[in-house]
Amino acid sequence: MFWQTLQALPLAWRHRAKIADQLFEIGNASLLMVCILSLFIGGVVALQTGPVLVERGLGYVLGGMIGLSVCKELAPVMMAILIAGRIGSAMSAEIGSMRVYQEIDALKTMNINPINYLVLPRLIAIALALPTLVMFAIPVGWMGGALVSAYNSRVAVDFGSFFGDLRDVVDVGDVWNGIFKSFVFALAIGVISCHQGLITRGGPRGIGRSVTKAVVNSIVVILILDYFLTRLLLLVQK
Amino acid sequence: MNGSETQNVSLEVRGLRRSFNGVVVLDDIQFRVEPGEVFVIMGPSGSGKTVLLKHLIGLEQPDSGEILVQGKPIDTPGLRDQYRMAMVFQSSALLTSLTVGENVGLYLSEHQLKPPREIAFIVADKLKTVGLAGLENRLPNELSGGMQKRVAIARALVVEPHLIMFDEPTAELDPIMAVAIGEEILKLKNQLHATSIVVTHDRDLAFGIADRVAMIMNGKILFVGTPDELKENPDPKIQNFVYAELLIRRYNQPHKETSHK
């Protein structure tokens, strides 16, 4: 299905209205949630690691550590999991219900390819939306870490030290690293969710099964891909 | 895409066989639908009618046998561009996320056959044809079952089909609405001269619109002929289906006599 969608890429411009709709759907549904989640992830990492580092006199590395972990790992992975739950489930449910209620059969009888009509716009939209959301998530996560570092009495690393270390350790390549990962995760979520939708059988229970499979499979694939992508990107960065 | 270009086509089924998980659902199906005729496939629930129709429109692939449209196999590349086909589903199968107007104009907009203003004009015209003028902006779930069915017919009309198939077009409709749908099918025959294949177990509809009828039971075609020939066929299975109300009366009779006593 992924290759069929790639072959249909030249038709993307024709489906621009549907892509814009999907982009709005994903962004509108997820931006606030992404920011809240990211803020608290950065905060929790600071809360867990800050006191330990400060006790050992390593408080000056906190900004760099949180900066790297948020942009290379936590933001892309956690946001991908969030999007798999919110958007992947919605995609598989919508396509699955279209399949069960013969809407996809109706498209086929009109000589309309369901891959071009349903999968292509969703895949393009999620592949654009998730990296964009991660671009928001990274600075918000840093801010969460900085806030907890500054205002938690057991950490007490001020903004200047936190962001000073972060600037020293994190470079643009690290941010791109996270954005690239999120792009790959987005493709995985899109393909898995649309595929589960298209193979749905058996009424409302079948739709429920497809949604569950889409979310669980997406999360498992995200975590497996994360390991291999991390190894690959570490090799490339060397 | 002009009404005057529409020409009717023949459809022939030869030795069609299909099984699911070892259960034979269609067994050696053979018949020919002549150009421009209304051909009704009748049979009880679960006899294989809908599966057969899905094969005829190309949604399912047979295990063996062939389906010929105007003498050419249905999977011939470009055949669907040469001979346009449409299907009206039992559930109407309207896209619930689109408005009525977008549903009806979907074929034209997706294939970019007309500019948007012309599509809007055609959509309004087809909706008027099925008695639903002015409902372009409504969503399918705001309409009754009968209205949804007529929207589905309007969507099929937009294709200007050479061959149109109806799956249980009067299922879940009241008798008055069923008559209206029957009239729409006959209008299609008279105005577009399209070849129509109707799958139904509604005997009134079948005898009202059919040029010829095929009777299918347990995946096999038992009979092909005119409605009058079907009514006179001595096969008890066919008689039981065609005159089912007599069976009910026969069962009811002793009960009535007992209760009168």
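Residues numbered from 1 in each chain as written. Chains lettered and ligands numbered in written order. Predicted model: local features only at pLDDT ≥ 70, side-chain atom pairs only at ≥ 80, totals over all residues.

### Description of the overall build of chain A
Here is step 1: Each helix and strand counted, chain A has 8 helices and 0 strands in total.
Here is step 2: For chain A, the α and β elements follow one another from N to C terminus as α-α-α-α-α-α-α-α.
Here is step 3: Principal-axis analysis of the C-alpha atoms gives chain A an extent of 70 × 35 × 30 Å.
Here is step 4: Within chain A, the proportion of its 238 residues that are buried is 44%. (Helix = DSSP H or I, 4+ residues; strand = E, 2+ residues; numbered from the N terminus. Buried ≥ 20, exposed ≤ 12 C-beta atoms within 10 Å, placed from the backbone.)

### Observations concerning the environment of A:Arg205
Residues and elements named next belong to chain A.
Here is step 1: Mapped onto the secondary structure, Arg205 falls in helix H8 (residues 203-237).
Here is step 2: Arg205 gets classed as exposed once you count the C-beta atoms within 10 Å, which come to 10.
Here is step 3: Once the C-alpha coordinates of Arg205 and Met135 are considered, the two residues, 70 residues apart in sequence, prove to be 37 Å apart.

### Things to note about the interface of chain B and chain A
Here is step 1: On the side of chain A, 11 residues touch chain B, which itself brings 14 residues to the contact.
Here is step 2: For the side of chain B that touches chain A, the secondary-structure elements that each account for two or more residues are strand S6 (85-88) and helix H4 (106-110) of chain B.
Here is step 3: Split into classes, the residues belonging to the side of chain B that touches chain A amount to 11 nonpolar, 1 polar and 2 charged. (Contact = placed C-beta atoms within 7 Å. Nonpolar A, V, L, I, M, F, W, Y, C, P; charged D, E, K, R; others polar.)

### Things to note about the sheet that holds strand S1 (residues 11-20) of chain B
Residue and element names in this part refer to chain B.
Here is step 1: Taken together, 4 strands build an open sheet; the order of strands is S2-S1-S4-S5 and the sheet is antiparallel. Of all the strands in the sheet, just strand S2 (23-33) and strand S5 (72-73) have a single pairing partner and so form its edges.
Here is step 2: Bridge count for S1 against strand S4 (residues 64-69) is 5 bridges, and the pairing is antiparallel. Considered in S4, the bridge of Val13 is made with Ile67. (Pairing = 2+ DSSP bridges.)

### Considerations on helix H1 (residues 49-57) of chain B
Residue and element names in this part refer to chain B.
Here is step 1: Summarising burial for H1: 8 of the 9 residues are buried, a large majority.
Here is step 2: Within H1 the residues assigned to the buried category are Lys49, Val51, Leu52, Leu53, Lys54, His55, Leu56 and Ile57.
Here is step 3: Immediately beyond the C-terminal end of H1, within one or two residues, lies Gly58, with a positive phi of roughly 95°.

### A few points about the environment of A:Ser193
Residue and element names in this part refer to chain A.
Here is step 1: Take Ser193: it is sitting in helix H7 (residues 172-198).
Here is step 2: In this structure the C-alpha to C-alpha distance between Ser193 and Leu39, which are 154 residues apart in sequence, comes to 27 Å.
Here is step 3: Beyond its immediate stretch of four places on either side in the chain, Ser193 contacts Gly88, Met91, Ser92, Ala214 and Ser218.

### With respect to the environment of A:Leu47
Residue and element names in this part refer to chain A.
Here is step 1: Mapped onto the elements of the fold, Leu47 is located in helix H2 (residues 16-55).
Here is step 2: Residues Leu47 and Gln102, 55 residues apart in the sequence, show an inter-C-alpha distance of 52 Å.
Here is step 3: Leu47 has contacts with Val148 and Asn152, leaving out every residue within four places of it along the chain.

### Focus: the confidence of the model for chain B
Close inspection of predicted coordinates is inappropriate in any region flagged by low pLDDT.
Residues and elements named next belong to chain B.
Here is step 1: Mean pLDDT for chain B: 86, with 90% of residues reaching 70 or above.
Here is step 2: Taken element by element, chain B is modelled with least confidence in helix H11 (residues 244-260), mean pLDDT 62, and with most confidence in helix H3 (residues 100-104), mean pLDDT 95.
Here is step 3: Across residues 1-5 the pLDDT falls below 50, and counting only partners more than four positions away or on other chains, this stretch makes 4 contacts in the model. (pLDDT = per-residue confidence, 0-100.)

### Re the pairing of strand S10 (residues 220-225) of chain B
Here is step 1: Pairing between strand S9 (residues 212-217) of chain B and S10(B): 5 bridges, direction antiparallel. By the bridge assignment for S10(B), B:Met217 is matched with B:Lys220.

### Here's the deal with the pairing of strand S3 (residues 38-42) of chain B
Residue and element names in this part refer to chain B.
Here is step 1: With 5 of 5 residues buried, S3 is to be regarded as a mostly interior element.
Here is step 2: What you see with S3 is no split at all: Val38, Val40 and Met42 on one side and Phe39 and Ile41 on the other are buried throughout.
Here is step 3: Note that S3 and strand S8 (residues 195-200) share 5 bridges and pair parallel. Within S8, the position partnered with Phe39 by the bridge is Ile197.
Here is step 4: Inspection of the sheet shows S3 paired to S9 by 4 bridges, in the parallel sense. Considered in S9, the bridge of Met42 is made with Met215.

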